[in-house]
Amino acid sequence: MKFIHCADLHLDSKMSANLDKERAKERRSEILDTFVRMVRYASKNEIAAILIAGDMFDTKNISATVRNTVLHSIAGHSHITFYYLKGNHDRDNFLSGLEEIPANLKLFSSRWTTYEEAGGKIAVSGLELSAENAGSAYVSLILDPKRFNIVMLHGQETERQAKDKAECINIRALRNKGIDYLALGHVHAYKKEQLDTRGIYCYAGCLEGRGFDECGGHGFAVLDIDEATGKYTHEFVPFAKRKLYTVNVDVTGCQRTAEMVSKAALALQQEGCEEESLVKITLRGMLDVECEKDISYFLSRFRSRYYFVKVYDETTLKVEMDDYRFDESLKGEFVRQVMSDPSISEEDKKIVIRYGLQAIAGEEVQ
């Protein structure tokens with residue numbers, strides 16, 4: 001019997017941290033479409049159930065389109081059982097107003113709830129953590145060791161008890177409970193670890209990365225259980241429409257923007273950045289104060305290649321005073337005056353000198 005384990009879909013996320021209004025709207029639609037694609041994948045690949053371990057939505061104000069699309073996907077695939085455990089971003093209003101909840105949608109509450117699969121050979125148990133039940137959650141979990149036990153929780157793993165911390169999951173307290181697979185949500189990167197001698201715990205990560213703190217592969221986990229023996233395989237399936245990359249580029253010694261572009265292009269290639277991805281480029285290193293550096297032009301060289309690009313300039317400037325000590329031009333006099341001014345910090349002196357030299361040369365000050 002096959003299960004998909006996913007979490008942290010964050011449907012209806014604003015997506016406005018990096019993107020303009022139109023791109024943010026497009027990304028919201030893409031993330032919703034990834035959920036729909038995942039359900040289709042499940043149908044085509046004989047997945048019997050989908051475990052959604054929290055944060056299916058990002059906000060309590062769910063749009064009608066998102067709500068209706070999710071319900072349509074669930075109701076339209078009655079041969080798949082959907083186990084939905086709410087996370088800290090989810091609210092009860094997703095199902096409010098419905099005359100009837102789809103029969104294949106299974107919900108959890110503040111008390112342990114267990115559902116049977118495969119004629120009772122597999123059990124799916126879940127609890128929605130809160131400040132009220134966080135202290136008693138672990139002692140109240142009773143499992144039949146003869147079954148293959150899947151347990152669903154949403155929160156941050158920890159190795160010790162955190163009093164009344166609903167967002168924390170005490171991994172140590174879940175050991176030797178008879179858990180075969182602990183399906184977790186809340187952490188947005190895929191992670192699989194041994195729980196004890198019997199079972200494992202896994203964060204499926206989010207289906208789509210939303211910001212540059214969520215780089216790397218995203219998708220879901222597939223659990224394939226042999227009902228007769230209780231043996232299983234576990235596989236991570238990359239599934240995101242777009243990937244996010246953060247690339248650091250050392251441009252030390254570059255004198256021209258074109259050189260920086262070349263170094264960045266090579267770094268992006270080595271990182272394996274795919275077209276239509278979201279990319280953050282951070283320029284680092286030391287540059288001569290008189291180097292030609294045009295960030296707007298630099299950015300334009302990569303915009304057409306990727307879905308979204310942003311550039312952070314974290315380079316530092318150096319001033320070789322020997323080059324200006326005996327320079328009798330306006331440029332030399334300006335540099336000496338700035339460098340000798342005790343009211344300006346050393347870092348600010350370099351910036352003032354750069355702006356001043358650009359102005360003296362008749363260039364656009366950047």
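Criteria and cut-off values
Residues numbered from 1 in each chain as written. Predicted model: local features only at pLDDT ≥ 70, side-chain atom pairs only at ≥ 80, totals over all residues. Heavy atoms only, no water. Buried < 20%, exposed > 50% of the residue type's maximum accessible area, 1.4 Å probe, protein only. Helix = DSSP H or I, 4+ residues; strand = E, 2+ residues; numbered from the N terminus. Pairing = 2+ DSSP bridges. Axes fitted to C-alpha atoms, helices over the stretch in contact; angles between N-to-C directions. Contact = heavy atoms within 4.5 Å. Core = buried A, V, L, I, M, F, W, Y, C linked by side-chain atoms within 4.5 Å.

1. Notes on the pairing of strand β6 (residues 122-126)
Counting buried residues in β6 gives five out of five residues, a clear majority hidden from the surface. Covered by surrounding structure in β6 are I122, V124 and G126 together with A123 and S125, the residues of both alternating faces. Strand direction decides the pairing type here: strand β5 (residues 113-117) and β6, joined by five bridges, are antiparallel. Its bridge partner lying in β6, E117 is registered against I122.

2. Comments concerning the sheet that holds strand β1 (residues 2-6)
Strand order in the open sheet formed by six strands is β4-β3-β2-β1-β13-β14, and the pairing between neighbours is mixed. On the outer flanks of this sheet lie β4 (105-107) and β14 (232-238), each paired with one strand and no other. Across the sheet, the mean angle from the axis of one strand to that of its neighbour is 20°, orientation sign disregarded. By the bridge criterion, seven bridges tie strand β13 (residues 219-225) to β14 in an arrangement that is antiparallel.

3. Some remarks on the environment of I200
Along the chain, I200 turns up in strand β12 (residues 200-203). With relative accessibility at 6%, the residue I200 sits in the buried group. Linking I200 and Y306, residues 106 residues apart in sequence, is a C-alpha distance of 38 Å. For I200, the residues in contact, after removing those within four places along its chain, are D180, Y181, L182, K192, E193, Q194, L195, Y232 and H234.

4. Re unusual backbone geometry
Here the phi dihedral of D12 falls at roughly 75°; this positive angle occurs in a residue that is not glycine. Residue D12 is classed as buried on the basis of its relative accessible area of 18%. One non-glycine residue, D55, adopts positive backbone phi at about 55°.

5. So, the pairing of β12
When a strand is regular, its side chains alternate between the sheet's two faces. On β12, burial covers both faces: I200 and C202 on one face and Y201 and Y203 on the other are all buried. In this structure, strand β10 (residues 181-185) lies alongside β12, joined through four bridges in parallel fashion. If you follow L182 over to β12, its bridge partner there is Y201. Here four bridges tie strand β11 (residues 191-194) to β12, and the two strands are oriented antiparallel to one another. Its bridge partner being in β12, K191 is matched across the sheet by Y203. In sequence, β11 turns back onto β12 through a hairpin of five residues.

6. A look at the nonpolar core
The biggest cluster of nonpolar side chains holds 40 residues, and the ones touching the most others in it are L11, F35, I50, M56, V70 and F94. Put simply, the parts of the chain that give this core at least two residues each are β1, α1 (21-44), β2 (49-53), α2 (64-75), β3 (81-85) and β13. At eight residues, α1 tops the list of elements feeding residues into this core. Beyond its immediate chain neighbours, meaning those up to four positions away, F35 contacts L9, L11, I52, M56, V70, S73 and L207. Core analysis: the second largest hydrophobic core is formed by 31 residues, V251, F298, F302 and V309 among them.

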